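Chain by chain, the residues run as shown.
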Amino acid sequence: MRLVIQRTSGGKVEVDGTTVGEIGPGIMVLAGFGKNDTEKLPGSKVWNTLIDKMIGLRIFEDEEGRMNRSLADIGGDVLLVSQFTLYASCKKGRRPSFTGAAAPQLANDLFDRLVADVSEKSPAKVATGQFGAMMNVDFVNWGPVTIILDSEDFI
């Protein structure tokens, strides 16, 4: 699992011109699943570690302007968007290969579970895009601050 976490002052996801998810200040998270991810990933130590890190990352400024507050500290929202292209390989040629991404049905199941588990732990609203849809993601990367978490780093 790969998570690209971006601090945001707000964001939304549209599908066919309709807003399907919208948040205020918090984090926008692109979530991708790889071919090594299985149905056993949810509930595992790695799974829980990544969710806890996502919510606990101290990437919001305190009174002194230092990144010292977490999503929980500020009561921030979460916008989760599925993104299989996080597993793109550009080693050969100029057209990315996506063979490293999980199969669509498994990725959908894992994404649904991620949304449920993040919703349980999130201090505020959790919104999502629509799995497999062509989405327009609009947000302000506040800072900018971008953090990448990869399950391979926590095995």
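A brief structural summary.

1. Details of unusual backbone geometry
Okay, step 1: With an omega of -5°, the peptide bond between Gly 143 and Pro 144 qualifies as cis.
Okay, step 2: With respect to the helices, strands and loops of the structure, Pro 144 is situated in strand E8 (residues 136–150).
Okay, step 3: In this structure, Asp 16 takes a positive phi of about 50° despite not being glycine.
Okay, step 4: Following the sequence through the fold, Asp 16 ends up in the loop between strand E1 (2–15) and strand E2 (18–23).
Okay, step 5: Exposure remark for Asp 16: the relative accessible area of 77% places this residue in the exposed category.

2. Considering the layout of surface pockets
Okay, step 1: Roughly 400 Å³ of internal volume is contained in the largest pocket.
Okay, step 2: Along the wall of the largest pocket there are 19 residues; nearest its centre are Ser 82, Gln 83, Phe 84, Ala 133 and Met 135.
Okay, step 3: Elements supplying a minimum of two residues to the lining of the largest pocket: strand E3 (26–32), strand E6 (77–82) and helix H3 (104–121).

3. Side note on the pairing of E6
Okay, step 1: With respect to burial, E6 is a largely interior element, six of its six residues being buried.
Okay, step 2: Residues of E6 alternate between two faces, with Asp 77, Leu 79 and Val 81 on one and Val 78, Leu 80 and Ser 82 on the opposite face, all of them buried.
Okay, step 3: Where E3 meets E6, six bridges bridge the pair, whose relative direction is parallel. When the bridges of E6 are listed, Ala 31 appears paired with Ser 82.
Okay, step 4: Direction of pairing for E6 relative to strand E7 (residues 126–128): parallel, over a ladder of three bridges. The partner of Val 78 across the bridge, within E7, is Val 126.
Okay, step 5: Between the parallel elements E6 and E7, the chain passes through H3 in a crossover that is right-handed.

4. Quick word on the packing of helix H1 (residues 45–56) against H3
Okay, step 1: Close contact between H1 and H3 brings their axes to 11 Å; oriented N to C, the two are set at 50°. Between H1 and H3, the crossing angle belongs to the class labelled oblique. Considering the relative orientation of H1 and H3, their crossing is right-handed. Contact residues: Trp 47, Asn 48, Ile 51, Asp 52, Met 54 and Ile 55 in H1; Leu 110, Arg 113, Leu 114, Asp 117, Val 118 and Lys 121 in H3.

5. Thoughts on the packing of aromatic side chains
Okay, step 1: A complete count under the given rule lists three aromatic pairs for this structure.
Okay, step 2: On the basis of an interplanar angle of 40° and a centroid distance of 6.4 Å, the ring pair of Phe 111 and Phe 131 is categorised as tilted. Of this pair, Phe 111 sits in helix H3 while Phe 131 sits in the loop between E7 and E8, and the two are 20 residues apart along the sequence.
Okay, step 3: Its guanidinium or amino end placed over the ring of Tyr 87, Arg 2 lies 4.1 Å from that ring's centre, counting from NZ or CZ.
Okay, step 4: Residue placement shows Arg 7 over the ring face of Trp 142; its charged tip is 4.9 Å from the ring centre.

Rules used throughout
Residues numbered from 1 in each chain as written. Predicted model: local features only at pLDDT ≥ 70, side-chain atom pairs only at ≥ 80, totals over all residues. Heavy atoms only, no water. Helix = DSSP H or I, 4+ residues; strand = E, 2+ residues; numbered from the N terminus. Buried < 20%, exposed > 50% of the residue type's maximum accessible area, 1.4 Å probe, protein only. 1 Å grid on protein atoms, 1.4 Å probe; cavity = no way out; pocket = protein on both sides within 12 Å on 5 of 7 lines; lining within 4 Å. Points joined across faces, edges and corners; volume = space filled by probe spheres on them. Pairing = 2+ DSSP bridges. Right-handed = clockwise from strand over helix to strand, strands pointing away. Axes fitted to C-alpha atoms, helices over the stretch in contact; angles between N-to-C directions. Parallel < 35°, antiparallel > 145°, perpendicular 65-115°, else oblique. Left-handed = near helix turned anticlockwise from the far one by under 90°. Contact = heavy atoms within 4.5 Å. Phe/Tyr/Trp six-rings, centres within 6.5 Å; stacked < 30°, edge-to-face > 60°. Lys NZ or Arg CZ within 6 Å of the ring centre and 35° of its normal.

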